[in-house]
Amino acid sequence: MSHPLVIANWKMNIPSGGISGWIQNEMISSNDEVDFENKSSYFKFMGIAPPTSHLTELRNLFNFGFLGVQDISKYYDGAKTGDISADMVIEKGCSFSILGHSERREFYNETNSIVSEKLRVCLEKDIMPVVCIGESLEIYNAGKTLDILEIQLKEIFTSISTKKTAVIAYEPVWAIGSGKTPTTDEVNNIHQHIKDIVQSIANIEAVNVIYGGSVNCDNAKSFFQQTNIDGALIGGASLDGKDFLGIYNDFMETL
Ligand code: 13P
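Keep in mind that what you see is a predicted model, and the values were worked out from it rather than measured.

A. Just the packing of aromatic side chains, in detail. Following the criterion strictly, the structure yields 14 aromatic pairs and no others. Considering the side-chain rings of Phe62 and Phe64, the 5.2 Å spacing of their centres and the 80° angle between planes classify their relative orientation as edge-to-face. Phe64 shares its class with Phe62; the two are buried. Between Tyr140 and Trp174 the ring centres are 4.4 Å apart and the planes differ by 40°, which places this aromatic pair in the tilted class. Of this pair, Tyr140 sits in helix α6 (residues 137-141) while Trp174 sits in the loop between β6 (161-170) and α8 (184-201), and the two are 34 residues apart along the sequence. For Tyr140, a relative accessible area of 23% translates into the label partly exposed.

Below is the structure:
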């Protein structure tokens, strides 16, 4: 694993106690075992992707781990109303971007080809891409998960050549926010296939595959214990600082 990561994806939400509440009351004071002052290296595998509007506040209050965005423009600058460019997010201290989340695919018609363009921008600008792929319940039930993932990966990664790290987040659409997950063995096998497929279609120095979809304090460790699961992308449970830190601690224990 060159770059395992546990990422909080807050989506369009702010934790109920606000950002300072999330950090001070829930995350930090909830865990006495971690010496937050002296162990900033402890957070080197933690990423947080808040709404872009809250990047500065978060960075000012919590100067650890990686800051990231939930999406990025495929354009570099200019008349693209609503977009935020790679240079702009770098200026805010971000070092990764989630790309092609299933919610962007569903609500904004984002296609694999758009995700591929964004991937190229990220690699060029030195932003670590966290590329989301995943299947619908219908596809899962039909036993066609690997076929769909292969199509997604080919459309996004073919002919990519880079010495940088790419992170792929396997997020079955039916597992997101549903409380349902595939078994840890299933996820482990799928991650192995994802790594094999990407190695066969692209020239990427390091590929890490993380899992997302209903990860919580109770099930996180069993995912992290699998050899091909290099971390997690966490939605709902990341809004509770205590839960998110608990998941992160589980991850650190299994490294
Ligand atoms: P949940 O953890 O809420 O299922 O969300 C997963 C997700 O979409 C992370 O990007």
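B. Examining the sheet that holds strand β1 (residues 5-9) more closely. Taken in spatial order, the 8 strands line up as β1-β2-β3-β4-β5-β6-β7-β8 and close into a barrel, and their pairing is parallel. Across the sheet, the axes of successive neighbouring strands diverge by a mean angle of 30°, strand direction being ignored. Strand direction decides the pairing type here: strand β7 (residues 203-212) and strand β8 (residues 231-234), joined by 2 bridges, are parallel. Opposite Gly212, over in β8, you have Leu233 as the bridge partner.

C. Expanded view of the site of the ligand. Taken together, 13 residues form the shell around the ligand, and within it Lys11, His101, Gly177, Ser214 and Gly236 come nearest. Taking Asn9, its side chain carries an N or O atom lying 3.0 Å from an oxygen atom of the ligand. With respect to the ligand, the side chain of His101 contributes an N or O atom lying 2.8 Å from an oxygen atom. In the complex, the protein chains occlude 95% of the 310 Å² of accessible area that the ligand would expose alone. Residue composition of the shell around the ligand, grouped by class: 4 nonpolar, 7 polar and 2 charged.

Cut-offs used in this document
- Residues numbered from 1 in each chain as written.
- Predicted model: local features only at pLDDT ≥ 70, side-chain atom pairs only at ≥ 80, totals over all residues.
- Heavy atoms only, no water.
- Phe/Tyr/Trp six-rings, centres within 6.5 Å; stacked < 30°, edge-to-face > 60°.
- Buried < 20%, exposed > 50% of the residue type's maximum accessible area, 1.4 Å probe, protein only.
- Helix = DSSP H or I, 4+ residues; strand = E, 2+ residues; numbered from the N terminus.
- Pairing = 2+ DSSP bridges.
- Axes fitted to C-alpha atoms, helices over the stretch in contact; angles between N-to-C directions.
- Near = heavy atom within 4 Å.
- Polar contact = N/O pair within 3.5 Å; in protein donor to acceptor, adjacent residues only side chain to side chain.
- Areas by Shrake-Rupley, 256 points an atom, 1.4 Å probe, with all protein chains shown as cover.
- Nonpolar A, V, L, I, M, F, W, Y, C, P; charged D, E, K, R; others polar.

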